[in-house]
Amino acid sequence: MHIEPGFIAQTKIVLANAGAVAVLAYYARALLRQPAAIVRALLAAVFFSFFMQSFHVNVGPSELHFVGAMAMYLALGFLPTLFGFALGLLLQGLLFEPADLAHLAVNALSLILPLIAVHYTLGRRLRETANDRHIRWRTILKLDAAYYGGVTTMVGFWLLASDAVTPFAAWAAFAASYLAVVAIEPLFTYATLRLLERYEHRPWVRFCFAVDGRKPA
């Protein structure tokens, strides 16, 4: 989901920076009211940075990553995951890929905006039915498919807005590569939720993770 340096003009990067700051500022007040959510955001940043470094392959104009998005969303919550993406990209840029800092806001929006869309649609319906049923495998798969569909669409948007001409086939190859992520990440998400279920009675688990009684099934 990275847009490589050189694709986006500086003026558009400035607009992306303003957009990312606006989104984070909008949600910052809600995050700061919840001490546990701040801890979870830091955990999300560390987990995300680790996932990003564990697997990344260049595919056309961008990169294929193991993101762990829905595992973090369901285990840590919406706000921690949202801020974890931004902090994780910053951490990765500072420690591993300094060149990526130029597109920090661009790449953050590529992850954050699809998360917001999923949270207020499929995620909201999941919360409304959380007391009636467990989180099922097909629900996790649906969340992953919707989220990564949004991520690949955001990458397409940035490529359309870039000053470099990118063939549609190159973007399509990148988008198709995320089918592998959609196939694999639900397994990781399911295993993560089952593990948390086993230890949800422990105070440190309840503080560090969004344990709310929902169990995968």
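The paragraphs below set out a description of the structure included in this document. (Residues numbered from 1 in each chain as written. Predicted model: local features only at pLDDT ≥ 70, side-chain atom pairs only at ≥ 80, totals over all residues. Heavy atoms only, no water.)

**Remarks on the overall build of the protein**
Consideration 1: Within the protein, the regular secondary structure consists of eight helices and two strands.
Consideration 2: For the protein, the C-alpha radius of gyration of 17 Å lies close to 17 Å, the compact-globule estimate for 217 residues.
Consideration 3: On the principal axes, the C-alpha backbone points of the protein span a range of 50 × 35 × 30 Å.
Consideration 4: In the protein, which comprises 217 residues, the share counted as buried stands at 48%.
Consideration 5: If you take every contact in the protein between residues at least 6 apart in sequence, the share linking residues at least 24 apart comes to 80%. (Helix = DSSP H or I, 4+ residues; strand = E, 2+ residues; numbered from the N terminus. Rg over C-alpha atoms; globule rule 2.2 N^0.38 Å. Buried < 20%, exposed > 50% of the residue type's maximum accessible area, 1.4 Å probe, protein only. Contact = heavy atoms within 4.5 Å.)

**Details of helix α1 (residues 10-32)**
Consideration 1: Between its first and last C-alpha, α1 extends 32 Å over 23 residues, near the 33 Å set by a 1.5 Å rise per residue.
Consideration 2: Of all bends in α1, the biggest is about 30°, found at Tyr 26.
Consideration 3: When we look at burial in α1, the residues that qualify are Ile 13, Ala 16, Ala 20, Val 23, Tyr 27 and Leu 31. (Expected span 1.5 Å × (residues − 1). Bend = angle between axes of the 7 residues up to and from the residue.)

**A look at a nonpolar patch on the surface**
Consideration 1: A contiguous nonpolar patch, built from Leu 32, Ile 38, Leu 42, Leu 87, Leu 90, Leu 94, Leu 95, Phe 96 and Leu 101 and spanning about 810 Å² of accessible area, is present on the exposed surface.
Consideration 2: If you list the elements that add at least two residues to the nonpolar patch, you get α2 (35-54) and α4 (78-95).
Consideration 3: Tracing the sequence through the fold places Ile 38 in helix α2.
Consideration 4: Assessed through its relative accessible area of 32%, Ile 38 is described here as partly exposed. (Patch = residues over 30% accessible without salt bridge, like charges linked within 9 Å, V, L, I, M, F, W, Y side chains within 5 Å. Areas by Shrake-Rupley, 256 points an atom, 1.4 Å probe, with all protein chains shown as cover. Salt bridge = Lys/Arg side-chain N within 4 Å of Asp/Glu carboxyl O.)

**Points about the packing of helix α3 (residues 69-76) against helix α7 (residues 168-199)**
Consideration 1: Across the interface, α3 lies against α7 with an axial gap of 8 Å and an inter-helix angle of 25°. As summarised for this structure, α3 and α7 are arranged roughly parallel, according to the angle between their axes. At the point where α3 passes α7, the crossing takes the right-handed sense. Contacts between α3 and α7 involve Ala 69, Met 70, Ala 71, Leu 74 and Ala 75 on the former and, on the latter, Glu 185, Phe 188, Thr 189, Thr 192, Leu 193 and Leu 196.
Consideration 2: Per-class residue counts for the contact of α3 with α7 are eight nonpolar, two polar and one charged. (Axes fitted to C-alpha atoms, helices over the stretch in contact; angles between N-to-C directions. Parallel < 35°, antiparallel > 145°, perpendicular 65-115°, else oblique. Left-handed = near helix turned anticlockwise from the far one by under 90°. Nonpolar A, V, L, I, M, F, W, Y, C, P; charged D, E, K, R; others polar.)

**Digging into the packing of aromatic side chains**
Consideration 1: Counted under the stated rule, the structure contains 13 aromatic pairs.
Consideration 2: Here the aromatic rings of Phe 66 and Phe 188 are separated by 5.4 Å at their centres, their planes lie at 85°, and the arrangement is edge-to-face. In this pair, Phe 66 sits in the loop between β2 (62-65) and α3 while Phe 188 sits in helix α7, placing the two residues 122 residues apart along the sequence.
Consideration 3: The rings of Phe 48, Phe 85, Tyr 147, Tyr 148 and Tyr 178 are connected pair by pair, giving a single aromatic cluster. (Phe/Tyr/Trp six-rings, centres within 6.5 Å; stacked < 30°, edge-to-face > 60°.)

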